[in-house]
Each structure stands twice: as C-alpha cells, then as structure tokens.
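# Examining the three-dimensional arrangement
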Amino acid sequence: MVTKALLKLADYTASGIGSVAGPMLAAWRADKEAQARRISARGEADSLMIIAEGQANSMQTIAAAQASTQEVLAASNLSMQGELSIAETVAQRIEFQESKRQQNIVSVVQQAAAELGDKDVPDDETDHDWAARFFGEVQDVSSEIMQSLWAKILAGQVERKGSTSLLTVSILRNLDQSTAELFERICSMSISLESDIDSRVPSLGGNAATNALAKYGLDFGYLNALNEHGLIISEYNSWKDYKICIGMPMPSDPSRTMRLPFKYAGQYWILEPVGGRDMRAEFRLSGVAFTRSGRELLRVVQIQHVEEYTRDLQEYFGTQGLKMTPVPTGEGHSL
C-alpha cells in the first residue's frame, strides 16, 4: 500500500516533536516556578512581621522587633528580587532557545515537504525511535546549509524507511559547516555502484595517502578530517574490482554480457574496453572509499561539477584501455 508523502511526513513530525515537546514547555514552567518563589518569599516575610509584633511587650521591645523585622524584610526582598531577576533571565533565555529550536524544526520540515512534493510513498509504520533521535538533534541546527542536508535526510526517510541509519544521524549532528563543505567536494568527485555496493574517489593511479588528490583540494589533512567524522574509511587507497562496469557473463546466458553502470557527477556511465583490452579481466580501482554513513549522506549532497577531475578521470580510464560512456539510467545493460 502507498500513501501521500506529506501525510507520512506529518506522522514522522508528530512522532518526533513529541520527544522534544517537554523542553519546549520549559519557559512556561520557569515562569510558574518564579511565581511560586515570589509567593513563598513574601509569605516568609509576612510571618516574620507577625511574630515580631506578637512578641512586643513594650514600646522598646516593639521598636526593636520592628527594626529587626524591617531588616529581615529588606534582606528577604533583596533575596526575592535577586531570585526573581535570575529566574526571569533564565526564563527569557529558555524561551528564546525553545523558540529558536521550534523555528529550526519548522524550517527543516518545510524544506522536506518541498522535497517530497506530491509523491506517493510506502504506507509502512513510522520509525518512532528514528523520529525521536532525528528531531532531538535537528532542533539545534540553525545553519541554512546544514538544515538543507537535514531536510533531505528526513525526506529520504519518508520515501524509504531505513534509508539513513541512526549512526549517520549522529554523525551529521557533529558535522560543522566547513567539514560539510569539504564532504560536498569529495562527493562531487566520487563514483558509486548502485545498491550501495561501493562509493569512492579514484586516486587516478596514485595514492591518496601521499597526496595524490591534493591538486583537487583533498590533501592528507582534509582526508583525516573526513575520516575522523566517520565519512571515509581509514585506508585511503583501498581498491574495489569494477569489472562489472566493463562487463560480466550473465549467469542465465554466459554468451551474453551484463554491465552495471556507475554514477558520477549525477550521470550514469559504463566503461567500454578500447584498444583490445580483455573486458573480462579484473579491474582494480583504488582510491578513497566512503563508509556506510558516507554513502548514505552522499545521496543527499548537492553535487558540483569538478571539471579538472572529470577530465583527469577520463584520461586515467583511457590509460587502462577503457572509455567512459554515458547511459540513460542506472539499470544494467546487456550485450
């Protein structure tokens, strides 16, 4: 069964906001507690006055008692005023903070709604634990760039439950804007096999650990930053066999060849052998591989065209007897 995406978004929002509604009532609670302290302070002062007046047996005793009571009242009022001033400051701060949090949530939900539009999505059960974690984290995200990422994550979860893990949500929460921009750059240079099999930035015959990608803005220090945030694996020159993009025999008919496209710069590509290359030979593609969380976030990052890297990537494939050829979709192609 399917349902409208916006209805499912409403389910996630209702579930998630329920988990953070308590803190949003803090301003109201602080105001009521301040009133209670005011009543308590005034009551204690009045009681002291009554006691002093009741113990007066002479004018001198009354005067002394009144003087003592006035001192207590003054001290009590000073204390009360101090408490009220602090309470009011805290209440105002909490009210501002919760108002800001509410604005953050509204902004992200509105952007997610724009992403989803009039789509239909599976009518499955809302993941309440995921919603609680997501909205608990996103309420403190005020950067417009970061809110855009969070909105796409929320929209993706509505479209396909489980598309983003709780680990990735935690990683995104700790991602500052400069690292997010760096991650956007590495995503823009990445190639990906479908079904989350692999995503990496080829080091073009060099070794990224020794700055083979420095000319494209990905030197060793930047790679370390991405690794520390859990977005790329620590082996900066791991490899994956991309023979499937060149061609492999179909299990049902070995005389036919199946190619699985990879995605680069928003376009699907296959690798065509040229110059007599054996299309069935292993093709190890080395480079910087993404973690699972990195692959999940890759799906929502805005890809920018890096023309210099694109040119060098095509030239590298050429040195391997391969040609990058665009194809219309990410579906497998048979020969």
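Computed from a predicted model, the values in this text were never measured in an experiment. (Residues numbered from 1 in each chain as written. Predicted model: local features only at pLDDT ≥ 70, side-chain atom pairs only at ≥ 80, totals over all residues. Heavy atoms only, no water.)

### Quick word on the packing of helix H4 (residues 128-138) against helix H5 (residues 144-159)
Closest axis-to-axis distance for the H4/H5 pair is 12 Å, and the angle between their directions is 170°. As summarised for this structure, H4 and H5 are arranged roughly antiparallel, according to the angle between their axes. Here Trp130, Phe134, Phe135, Glu137 and Val138 of H4 lie close against H5, whose contacting residues are Trp150, Ile153, Leu154 and Gln157. Within the contact of H4 with H5, the residues separate by chemical class into seven nonpolar, one polar and one charged. (Axes fitted to C-alpha atoms, helices over the stretch in contact; angles between N-to-C directions. Helix = DSSP H or I, 4+ residues; strand = E, 2+ residues; numbered from the N terminus. Parallel < 35°, antiparallel > 145°, perpendicular 65-115°, else oblique. Contact = heavy atoms within 4.5 Å. Nonpolar A, V, L, I, M, F, W, Y, C, P; charged D, E, K, R; others polar.)

### Structural notes on the environment of threonine 310
Looking at where threonine 310 falls in the secondary structure, it is placed in helix H10 (residues 307-319). Once the C-alpha coordinates of threonine 310 and methionine 189 are considered, the two residues, 121 residues apart in sequence, prove to be 7.7 Å apart.

### Re the nonpolar core
Nonpolar side chains in soluble globular proteins tend to end up buried together. Residues Leu154, Ile186, Phe262, Tyr309 and Phe317 are the most contacted members of the largest nonpolar core, which totals 69 residues. Once residues within four sequence positions are removed from consideration, isoleucine 186 is found in contact with Val201, Leu218, Leu223, Leu226, Ile232, Val288 and Phe290. (Core = buried A, V, L, I, M, F, W, Y, C linked by side-chain atoms within 4.5 Å. Buried < 20%, exposed > 50% of the residue type's maximum accessible area, 1.4 Å probe, protein only.)

### Structural notes on the confidence of the model for the protein chain
Within the protein chain, residue pLDDT values average 80, and 72% of them lie at 70 or more. For the stretch residues 21-29, pLDDT sits under 50, and the model shows 11 contacts to residues farther than four places along the chain or on other chains. Confidence drops under pLDDT 50 across residues 44-59; counting only partners more than four residues distant or on other chains, this segment forms 11 contacts. (pLDDT = per-residue confidence, 0-100.)

### A short note on the side chain of threonine 179
Mapped onto the elements of the fold, threonine 179 is located in helix H7 (residues 177-188). Judged by relative accessible area, which is 8%, threonine 179 ranks as buried. Apart from residues no more than four positions distant in its own chain, threonine 179 is found in contact with Leu226 and His229.

### Digging into the pattern of salt bridges
Taken as a whole and assessed by the stated rule, the structure comprises 13 salt bridges. When the shortest N-O distance is used, the salt bridge between aspartate 198 and arginine 200 registers 2.8 Å. Taking the relative accessible area as the measure of exposure, aspartate 198 reaches 7% and is therefore buried. You can call arginine 200 buried: its relative accessible area is 3%. The partner of aspartate 312 in a salt bridge is lysine 215, and the shortest N-O contact between them spans 3.4 Å. Pair noted here: aspartate 312 is in helix H10 and lysine 215 is in the loop between strand S4 (198-202) and helix H8 (220-228), with a separation of 97 residues, a long-range link. Residue aspartate 312 is classed as buried on the basis of its relative accessible area, which comes to 13%. Each of Lys4, Asp118 and Asp120 takes part in salt bridges that share partners, so that together they form one network. (Salt bridge = Lys/Arg side-chain N within 4 Å of Asp/Glu carboxyl O.)

### Notes on the packing of H7 against H8
One can describe the packing of H7 onto H8 by two numbers: an axis separation of 10 Å at closest approach and a directional angle of 105°. The orientation of H7 with respect to H8, classified from their angle, is roughly perpendicular. The residues of H8 that touch H7, namely those facing Thr179, Leu182, Phe183 and Ile186, are Tyr222, Leu223 and Leu226.

### What to know about the sheet that holds strand S10 (residues 284-289)
Taken in spatial order, the seven strands line up as S5-S10-S4-S3-S8-S9-S11 in an open sheet, and their pairing is antiparallel. The two strands at the open ends of the sheet, each matched to only one other strand, are strand S5 (238-241) and strand S11 (322-327). Strand-to-strand twist of the sheet, defined as the mean angle between neighbouring strand axes without regard to direction, takes the value 45°. Relative to strand S9 (residues 267-273), strand S8 (residues 262-264) runs antiparallel, the two being bridged by three bridges. Along S9, the bridge assignment pairs lysine 263 with tyrosine 268. (Pairing = 2+ DSSP bridges.)

### Some points on the packing of aromatic side chains
Throughout the structure, instances matching the rule amount to 11 aromatic pairs. With a centroid separation of 5.0 Å and 85° between ring planes, the pair formed by tyrosine 216 and tyrosine 309 is classed as edge-to-face. Pair noted here: tyrosine 216 is in the loop between S4 and H8 and tyrosine 309 is in helix H10, with a separation of 93 residues, a long-range link. Tyrosine 309 shares its class with tyrosine 216; the two are buried. Three or more aromatic residues joined by ring pairs form one cluster here, namely Tyr12, Trp130, Phe134, Phe135 and Trp150. (Phe/Tyr/Trp six-rings, centres within 6.5 Å; stacked < 30°, edge-to-face > 60°.)

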